Structures are given as structure tokens and as C-alpha cells.
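# An overview of the molecular structure
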Amino acid sequence: MQADQSGQRHVGKVAVCGAGVMGAQIAAHCVNAGVPVLLFDLPAKEGDKNGIVNRAIAGLRKMNPAPLGAPELANAITPANYDDDLPRLAECDLVIEAIAERMDWKLDLYKKLAPFIKPGAIVASNTSGLSITELAKVLPEELRHRFSGVHFFNPPRYMPLVELIPTSDTEPALIDLLETFLTSQLGKSVVRAKDTPNFVGNRIGVFGLLSVFAQAKKFELPVDLVDDLTGTRLGRAKSGSFRTADVVGLDTMVHVVATMHDQLPNDPFYPYFELPPLVAALIEKGALGQKSGAGFYRKEGKAILRIDFATGEYVPADSKVDDTVAAILAERDAAKRLQVLRSSEHPQAQFVWAVLRDAFHYAAVHLADIADNARQVDQAMVWGFGHKQGPFEIWQAAGWQQVAKWVADDITNGLALSSEPLPGWATSGPVWEAGGVHTAKGSWNPHTESFQPRSNLPVYSRQVAAPRLVGESSSLGETVVFEDDAVRCFTLPAPHPSDVLLLSFKTKMHTLSQGVIQGIVHGVEIAEGSFKALVIGQLSEPFSAGADLKSMLPLFAQGGVKAVEPVERAMQDMVQRLRYAQVPVVAALAGMALGGGCELALHCAKRVAHFETYLGLVEVGLGLVPGSGGLTHFARRTAQLQAQTSSEIPLLALLKNPALAIARAQVSRSAPDARDIGFLLPSDTVVMNRHELLYVAVREAAMLAEAGWRPPVPGVFPVAGRDALATLKTQLVNMQVGGYISQHDFTVAEKMAYVLCGGDVDPGSLVNDEWMLSLERQAFLALLADPKTQERITGFLKTGKPVRN
């Protein structure tokens, strides 16, 4: 285990044993975070001994969704095999086993690994449900104290949840270290689980699927209707239930359910620990779900078919949720929504109530068995299964006492899946009196019979505005400096720097309305007058979806281009105000930063970006060009790069990549990808945990100020001019003739190229910001007046999808 200058231990290098789907993706996410990895597997029987691992690494570059933030990150994964490379385990601070879910295979592997693991290193299993205590028994005594479960959810890059499962022998300090590493360096959301079958997430989540299957059979509902009812309408993943099973894989589902069936014979809900009989028939046919092309669903051409339980045949997936039930599920008042669902006689509504009741019932009965407190259960379902709220949160939001009475009545009347009563803590005492399991003091711990506060690990002090559960206090403790309908300016409480001002937007999708533009300028003025630095960032994603086109179109309809020009000029003035502000301005980026949102970020002194930041100048897709300094930025940046490298490199060569990205309306797939494109600079900071973003951004801004930061001096820079423009136009003509772009695509791209090259001027001509911004503005407004562009914008605002014309 490596130690820094303060003596704190940290994880410097990781070994992942098992290059299958999960092992390879865990390795990929480690290198996403800048942690080098040794990826082990069996030696290949023929050819290169590392052939199995090399194929796995090659597969990472092709997978969708991409496990790697950028393809070249795969170079940080070193292939290894168990015959030749076990001594290299001595280089690693953390060894993660991620082979198939066979207890005997895992135990045999541990015997091979143990002699080569260095003193102080942590050993962990990525098992999804096997006993960590049983796995530890084969390890030498000194390794047992450094062993735990560390269960990543699939896909590891995108699913936040990691379950951390210590045994009674695991050193508490090492578990704290591992939680800190997973949280801050890998950006994960950690739930500590008890060493029980399937731990927390899969125990509750898989039972939830089994409940859905049982209730769907009872109410005779088809799979596509069930998925519609149990998807986004219920605050769960869009894929619903049966489609989720297809994505996970029916063979994997069989294994997870078998774990519960084999290891939990005394569970009160045991009779339901089995999949529908049809699943065995599907698996026998090789219909394993999405990976085999068929499962509960099958795609034929463009048609989606679903399995018919009565016949076992595939039929069109065209079932619809009843309008009255849809209206019930759309009700925003949780108490009213559950009350109407329970009292309705419609089978679809009865089905949804039964699924929710089963979730409440099971989670309450087993809370003490699987977790320390109710928070861990709810967080596991949110982070690991994509639910908006966990079962206890939904219950509490709808009125704890009333829902508890409904569940108890259903148990008494034989409507529930088990006759097991609700535990006493759910129907009396502190939880009953508090109106739920989550309070400002903490979440209910049935073992101590008290409300347990959140973890006091130092890593969590870095999390600003992390989501809170129903019943918890949501206040940041911030001091509001200025607020109107569009923006909010505030400072964070101690120990955060009080001399850094934060500014966030209040518009939908954090679009740049006229009010936001004015608010940003006002925020800069406040910062210059009373603070050392300014951070622009949001408490929730996205950073910004760009300009508020919906409000711009009515202006155009009433007064044409002249009515829009002041708004366009105000946008340009705002980004220039950021660039030349007398205090450093830092953009804290997460999620989408598109169009004007991207241009805003480009003009800040620095950017701090969450790994999952998707930057792009996407205006071309709407028939426009970036008009708020984006093209000016890249023309100026190209000149800077030429000066920094060699004046012999033509400006056109340096313009090629940004021009192509803008012409394609390319959006980065991650922060490292944004750096490759040029939306982020090498000096910009990337953080892995979304909730640490503002913590880091505020300190980066403070450090810039302390270092004596000064804004750039306005000046002139060379542009590529008419020769480069002629070359780009020739390429565009070839694309149009070849049928790759439409006539309007050509018109838009030609104007973009005209601005990027600085207009019809001699190569190397010196221009300034004002010249470039004027070209941008003229091009933007000319295209806005084009009927083809108006068709694209109107179509996008109606459907949310780009229109090709």
C-alpha cells in the first residue's frame, strides 16, 4: 500500500483477476480514473499466452455503451496470465477477483494468488451474492484481515453503486480506506452491506422482479404492459422489469434467483424465489435475452415482439396502459397516488399497488438482516437499479402510518405474498412517531433502535449538495448573496472558502435565458467587488442545455432578425465578460454542456469537469453556427497552438479537428474525450465523483486567485484566411456531391468555415475578438432567417430530435 507525504495510505495500482464482462469493465473504469491495472486471466491454449486478456481489452474499445472514457485509455491496462505473471501482484495495492460465480473456482484461485500478494494490500471479491466469510476461509490468516466483498453493479462505469461487504475479521481501517478509494478516486456510491445472500441491492431488487412476475401472472398482464407500468411511470429504469431481465441475461437471472432459493430456505417469501417456468424453456432454446437477440422480447426488422405466456410464441408488443391508470401514476402527490392505486378496481392499478406493497413488505421484514440502516436499502435501489426513490422513501413520502396500515391489512386479508407481519419498529415507536425511517437525525437502525447519522468518513466532507432522502435535511447551509427568478449567487459554509462566490441557474435544463445572461454578468460584478473568485455550476445536472431557443423564436416571429440581434449580442458580451473578468471564473461541469453552455465554459479561466461531462457545439444540427464565441475561441486557440508549437504548421491543419467536431455537432463521450476534441484543455481538472465537483471547483478557483491570476490581455491573432476557406469549401462540395450532406448542411457548414477562417482575408491576417464575434453574429442571424433552419429548430422543439432537411 502506497503512502503519500502525510503518511496516508492510498491505492496506486490495481490487479483485476478475471477478464470476463465484469472484470474487464472494472479494469476499464479504474483506468478511466487514472489508476493503472494488471488484468489477469487464464493463459491461452494457443498463441500468445495473454490472448484471452488481449481480446478482452480489444473488446472494451468496441463496446456500447463505452466502458472507456476514450479508447486510448485501454493502453493503461496491462495484460497478464496466471502462469507467468503472478509475481507482478506484488506491484498492486488492491487485488479484485472477478471470475465466474463458482465458489470452488474462486477458492482455487485464492490459493494461487495468496503467496504473491504484498503485505498491506487489500484483496476483494466482486461476487454478486456468494458468502464473503466462506470465501475468506481459504486465505492465510494475515490475508483474511484484508479481505472483503466489493460488488460493482453492471455496467461499472455508469452504475454508481458498489456494495462493500466486510467479514467479522476485516480490518475496519482497510474498509474505510477502500470506501474512500471507491468514492473519491473511482467516483462510486458505496453501500456497506451485511454478508447475506445477494447482499442489499440484488436481495431487494431481485425480489422486486420476482414480485412483478408473480403479480403479472395473477393479474394476467402481458410483459410489455408490465414494463410500461414498472418503468419511468413508477420512477424506475426505463427498461421496466422483463426488459431489464433481458438486458441482465436470463441465464444470469437464473443464477441470482438460484442463490436466493438455495441459501434462503427460511425466508417467509421463499415460495416466490423462482422464475416463470417459461424462462427455462427460453434458455433451453438459447433465448438468453438481449445478448442472444431474444428473451422476453425479440426484434424482427423494425418490429418489437414480446413473448406470450399462454402460447410461448412471440406476438407484437402493442399493449397500452389505460388512460385512467396513467393519470393515477402521473399524480404528483404521493399519498393521493397510492391511495387511488389501492382503491382502484382496475387490474393495472391493482397490479402496481401490489408491486409497491410487496416492496415495502419485503424491505421492512429484512432490513435488520441485510443492512445496518434503512438509508442503505434506499440508496442501493437508487444507485444500483436506477430507481428515483427506494422503497422506504416511497412509503414515507406517501404517509408512513397510513401505508403501514394498508400493508398490514393486506397481510391480514391474505393479499400479500407472505403472512409474515411487519416488524414492530415499522408499526410503533420512534419510526411511527417520526413519520418514517429517514429524519434530520439520520436513518432507522433496527439493531440500535435509533436513527443513525450518515457516515463521518472524511471523504464525505468533500461532497457538496449530495442528494438527500425524504425526511433528511436538504439545506447546504449556504449564504445567499443575490437571487432572482433566473440565477442564484451564494457562498458555501465553513470549512469551504468564504471568498469564492458560486452562481447557479434556475431555468429548466439550465438554459441560457435572457435573465440568466443578465444574472451571469451581475454575478461577475458582485464577484469583482466583494470576492476573490467565481464558480459557475449547478447543484444538479445538466450544466446547461444551451441557449433558450424557445424564447428566441417568438422574438424572431414578431420582429425578425433585428429583434433577435440584441439577445445574440448580449450572449457574446456575457462570454467576453467572463473571459476578461478581474477575478478568475471557473466552470464546474457535469452532464450536458451544449451549444451556448459549452461556449460559456470555453470562456472561463478554467474548467473542472466531472468524468461524465458531455460537451459539444451542436448548433449545426439546428441549422445554425455557434454564435456566442465558440468559433472565435477555436480560431484564437488555433493561433495560440501554432505559436506554442511551430509557426511552420499551417493554421488549417490545426483547425481541422475542431472544424470537423463542430460540423458534425460532435458531443464528447466523457471529459477525457472532450479534452481530445479540444473542449477541455490539458490543464483543466477532471473529477470522478459528481458530488465532489463544487468542492474541487471552489478550491481551484481560490488557488487561481491566490496565485495572482490575471485575465488575458485583449489582442490580435492570425487567422487561416481565404486559402484555407477555399480548401474547406472544396471538401464540402465533395461531401455534397457524394450525398453525405444536404444543400442546407452545405450552407451551414460553409458559413461555419467562413467564420473559423476569419472571413475573406489574406492568410495570416491579424484580427481581434470583435472582428470574429461580428462574423459569428452575422452568420448566426443570416441562418436564423433561413426557412430551412426554422424548420429544424421548430421540429427539434416539438420532438427533441434533430430534423434533417
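Refer to the structure printed above.
Here we summarise the structure given alongside this text. (Residues numbered from 1 in each chain as written. Predicted model: local features only at pLDDT ≥ 70, side-chain atom pairs only at ≥ 80, totals over all residues. Heavy atoms only, no water.)

## What to know about the overall build of the protein chain
Counting its regular elements, the protein chain contains 30 helices and 24 strands. Relative to the 2.2 N^0.38 estimate, which gives 28 Å for 805 residues, the radius of gyration of the protein chain is 29 Å and therefore close to what a compact globule would have. C-alpha atoms of the protein chain, sized along the principal axes, occupy 80 × 65 × 60 Å. Here the protein chain, with 805 residues, has 55% of them falling under the buried criterion. Partitioning the intrachain contacts of the protein chain with sequence separation of at least 6 by distance along the chain shows that 69% fall at a separation of at least 24. Taking the 75 positively charged and 85 negatively charged side chains of the protein chain as two groups, their mean positions are separated by 3 Å. (Helix = DSSP H or I, 4+ residues; strand = E, 2+ residues; numbered from the N terminus. Rg over C-alpha atoms; globule rule 2.2 N^0.38 Å. Buried < 20%, exposed > 50% of the residue type's maximum accessible area, 1.4 Å probe, protein only. Contact = heavy atoms within 4.5 Å. Lys, Arg positive; Asp, Glu negative; His and termini not counted. Charge placed at Lys NZ, Arg CZ, Asp CG, Glu CD.)

## Digging into the packing of helix α23 (residues 630-644) against helix α28 (residues 743-756)
Taken N-terminus to C-terminus, the directions of α23 and α28 make an angle of 45°; their axes are 9 Å apart at the nearest point. Classified by the interaxial angle, the pair formed by α23 and α28 is oblique. The two elements α23 and α28 meet at a crossing, and its hand is right-handed. The residues of α28 that touch α23, namely those facing Leu631, Phe634 and Ala635, are Met752, Val755 and Leu756. Residues of the contact of α23 with α28, tallied by class, amount to 6 nonpolar, no polar and no charged. (Axes fitted to C-alpha atoms, helices over the stretch in contact; angles between N-to-C directions. Parallel < 35°, antiparallel > 145°, perpendicular 65-115°, else oblique. Left-handed = near helix turned anticlockwise from the far one by under 90°. Nonpolar A, V, L, I, M, F, W, Y, C, P; charged D, E, K, R; others polar.)

## Section: the side chain of Thr244
Locating Thr244 in the fold gives a position in helix α9 (residues 242-248). At 2.7 Å, the side chain of Thr244 and the side chain of Ser239 are in polar contact. (Polar contact = N/O pair within 3.5 Å; in protein donor to acceptor, adjacent residues only side chain to side chain.)

## Observations concerning unusual backbone geometry
Look at the link from Asn154 to Pro155: it is a cis peptide, with omega at 0°. A cis geometry characterises the amide bond from Glu541 onward to Pro542, with omega recorded as 0°. Mapping Pro542 onto the fold places it in the loop between β19 (533-537) and α21 (549-579). Of note in this structure, Phe199 is not a glycine but carries a positive phi near 60°. Its location among the elements puts Phe199 in the loop between β10 (189-192) and α7 (201-219). The phi dihedral of Ala665 is positive, around 55°, even though this residue is not glycine. Of note, Ala665 is situated in the loop between α24 (651-663) and α25 (671-677).

## A word on the side chain of Glu692
Summarising the element assignment, Glu692 is placed in the loop between β22 (685-687) and α26 (693-706). On the basis of relative accessibility, which here comes to 2%, the residue Glu692 falls in the buried class. Residues within four places of Glu692 in sequence aside, it is in contact with Thr183, Ser184, Val459, Arg462 and Gln463.

## Some words on the pairing of strand β21 (residues 606-616)
One face of the sheet, then the other: side chains in a regular strand alternate in exactly this way. Counting buried positions along β21 yields 10 of 11 residues, so the element is predominantly enclosed. Assessed by its sense of winding, the connection that carries the chain from strand β20 (residues 585-594) through helix α22 (residues 596-602) to β21 is right-handed. By the bridge criterion, 3 bridges tie β21 to β22 in an arrangement that is parallel. Paired with Val608 across the bridge in β22 is Thr685. (Right-handed = clockwise from strand over helix to strand, strands pointing away. Pairing = 2+ DSSP bridges.)

Fair warning: the whole summary comes from geometry, so function is off the table for now.
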